[in-house]
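# Inside the fold
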Amino acid sequence: MAQLTLEEAKQLACSSWEQAEQFSKEELGIIMFRRLYEIDPAVQDLFWFARGMSWDQIVVEPAFKKHIVKVLDTVGFAVSMLDDLDELEPILVKLGTKHAKYKVKKQHIPAVGEALIFTFEQKLQSQFGPLHRQAWEMIYAFIGKAISQGLEQQ
């Protein structure tokens, strides 16, 4: 498979995000965070509302629902800014700095991207092919790098 250009990756990420928006952010977030906790179980302890709880308890926790919607809102915001990466980057760095206060570490960042891509694969199924995956891997590499810079500033 040929490497996508950045412009192609942006277009594919935007189109797949538009398709994903047919689902509620809560629905997407539940899939994403369940996968995140499967990939890196230690991440669950970073969230006060999830520490020591079973998945069945977490998923009905109002603070969890609020958080997953905020995460997906942030993804949507990032997608909306893909045509201005120079403006988006400092916003993501600041987000990383904020998350450092919650003990998020640089090594957690790839798992979040993997969980996000998994969510698209689950919900969009055949509409999310190898090129979409490649696009999101490229876009999330940018997002993750910027957030990681912010984490390192603390």
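Here the structure is shown first, and the text comes after it.
Here we summarise the structure given alongside this text.

Conventions used here
Every chain's residues receive numbers from 1 upward, in the order its sequence appears when written. In keeping with the predicted nature of the model, local features appear solely for residues at pLDDT of at least 70, side-chain atom pairs appear and are counted solely at 80 or more, and the whole-chain, interface and lining totals rest on all residues. Excluded from the side-chain calculations are hydrogens and water; all other atoms, namely the structure's heavy atoms, are used. Note on conventions: DSSP H or I runs of at least 4 residues are helices, E runs of at least 2 residues are strands, and numbering of each starts at the N terminus. Note on exposure labels: buried denotes an accessible area under 20% of the residue type's maximum, exposed denotes more than 50%, and partly exposed covers the range between, all computed with a 1.4 Å probe on protein chains only. As used in this record, nonpolar core signifies buried Ala, Val, Leu, Ile, Met, Phe, Trp, Tyr and Cys residues forming a set joined through side-chain atoms within 4.5 Å. By this rule the span expected of a helix is its residue count minus one, scaled by 1.5 Å. Residue contacts follow a heavy-atom distance rule, with two residues in contact if any of their heavy atoms lie within 4.5 Å. Any two rings among Phe, Tyr and Trp, with Trp reduced to its six-membered ring, count as a pair given centres within 6.5 Å; such a pair is stacked if its planes are under 30 degrees apart, edge-to-face if over 60, and tilted if neither. Geometrically, a charge over a ring is one whose NZ (Lys) or CZ (Arg) sits within 6 Å of the ring centre while staying within 35 degrees of the ring normal. To get an axis, a line is fitted to the C-alpha atoms, and for a helix only the part in contact is used. The angle between two axes follows their N-to-C directions and goes from 0 to 180 degrees. Working rule for angles: under 35 degrees goes down as roughly parallel, over 145 as roughly antiparallel, 65 to 115 as roughly perpendicular, anything else as oblique. Whether a crossing is left-handed or right-handed is set by the direction in which the near helix is turned from the far one by less than a right angle, anticlockwise for left-handed and clockwise for right-handed. Residue polarity is assigned by list, with Asp, Glu, Lys and Arg as charged and Ala, Val, Leu, Ile, Met, Phe, Trp, Tyr, Cys and Pro as nonpolar; anything else, Gly included, falls into the polar class. A carboxyl oxygen of Asp or Glu within 4 Å of a side-chain nitrogen of Lys or Arg is what we treat as a salt bridge.

### Description of unusual backbone geometry
Here Lys103, not a glycine, exhibits a phi torsion of approximately 75 degrees, which is positive. Along the chain, the position of Lys103 falls in the loop between helix H5 (85-100) and helix H6 (109-124). Residue classification places Lys103 among the exposed residues on the basis of a relative accessible area of 55%. Of note in this structure, Gln125 is not a glycine but carries a positive phi near 45 degrees. A residue is classified by how much of its surface remains accessible, and Gln125, at 56% relative accessible area, is exposed.

### Focus on the nonpolar core
Ranked by internal contacts, the top residues of the largest apolar core, which has 51 residues, are Trp17, Phe33, Tyr37, Phe64, Phe120 and Trp136. Listing elements by their share of this core, those giving two or more residues are helix H1 (6-20), helix H2 (25-39), helix H3 (55-58), helix H4 (62-80), H5, H6 and helix H7 (130-152).

### A short note on H1
Helix length check: H1, at 15 residues, gives a terminal C-alpha distance of 21 Å against a target of 21 Å (1.5 Å per residue), a fit within 8%. Those residues of H1 that fall on the buried side of the exposure criterion are Ala9, Lys10, Leu12, Ala13, Ser16, Trp17 and Ala20. On its buried face, H1 sits against H2, H4, H5, H6 and H7.

### Thoughts on the packing of aromatic side chains
One pair of aromatic rings is described through two measures. These are the centre distance and the angle between the planes. If you walk through the whole model with that rule in mind, you get 12 aromatic pairs. Arranged with centres 6.0 Å apart and planes meeting at 85 degrees, the rings of Phe33 and Phe64 form a pair that is edge-to-face. Of this pair, Phe33 sits in helix H2 while Phe64 sits in helix H4, placing them 31 residues apart in sequence. Pairwise contacts between aromatic rings join Phe33, Tyr37, Phe47, Trp48, Phe49, Trp55 and Phe64 into one cluster. For Arg35, the ring lying beneath its charged end belongs to Phe118, and the centroid distance is 4.9 Å.

### Observations regarding the packing of H5 against H7
In contact at an axis separation of 6 Å, H5 and H7 are set at 50 degrees when each is read in the N-to-C sense. As judged from the angle between their axes, H5 and H7 are oblique. Seen along the crossing, H5 lies across H7 with a hand that is right-handed. Along its contact with H5, which presents Leu85, Leu88, Glu89, Leu92, Val93, Leu95, Gly96, Thr97, His99 and Ala100, the element H7 presents Phe142, Ile143, Ala146, Ile147, Gln149, Gly150 and Leu151. Taken together, the residues that form the contact of H5 with H7 break down as 11 nonpolar, five polar and one charged.

### Structural notes on the pattern of salt bridges
Enumeration according to the criterion identifies 10 salt bridges in this entry. Between Lys65 and Glu26 there is a salt bridge, with its nearest N and O atoms 4.0 Å apart. Residue Lys65 is found in helix H4, and its partner Glu26 is found in helix H2; the two are separated by 39 residues along the sequence. Overall, Lys65 belongs to the partly exposed group, its relative accessible area being 28%. Glu27 serves as the salt-bridge partner of Lys123, at 2.5 Å between the closest nitrogen and oxygen. Remark: Glu27 occurs in helix H2 and Lys123 occurs in helix H6; sequence separation between them is 96 residues. A single salt-bridge network, built from bridges that share partners, covers Arg34, Arg35, Glu38 and Glu114.

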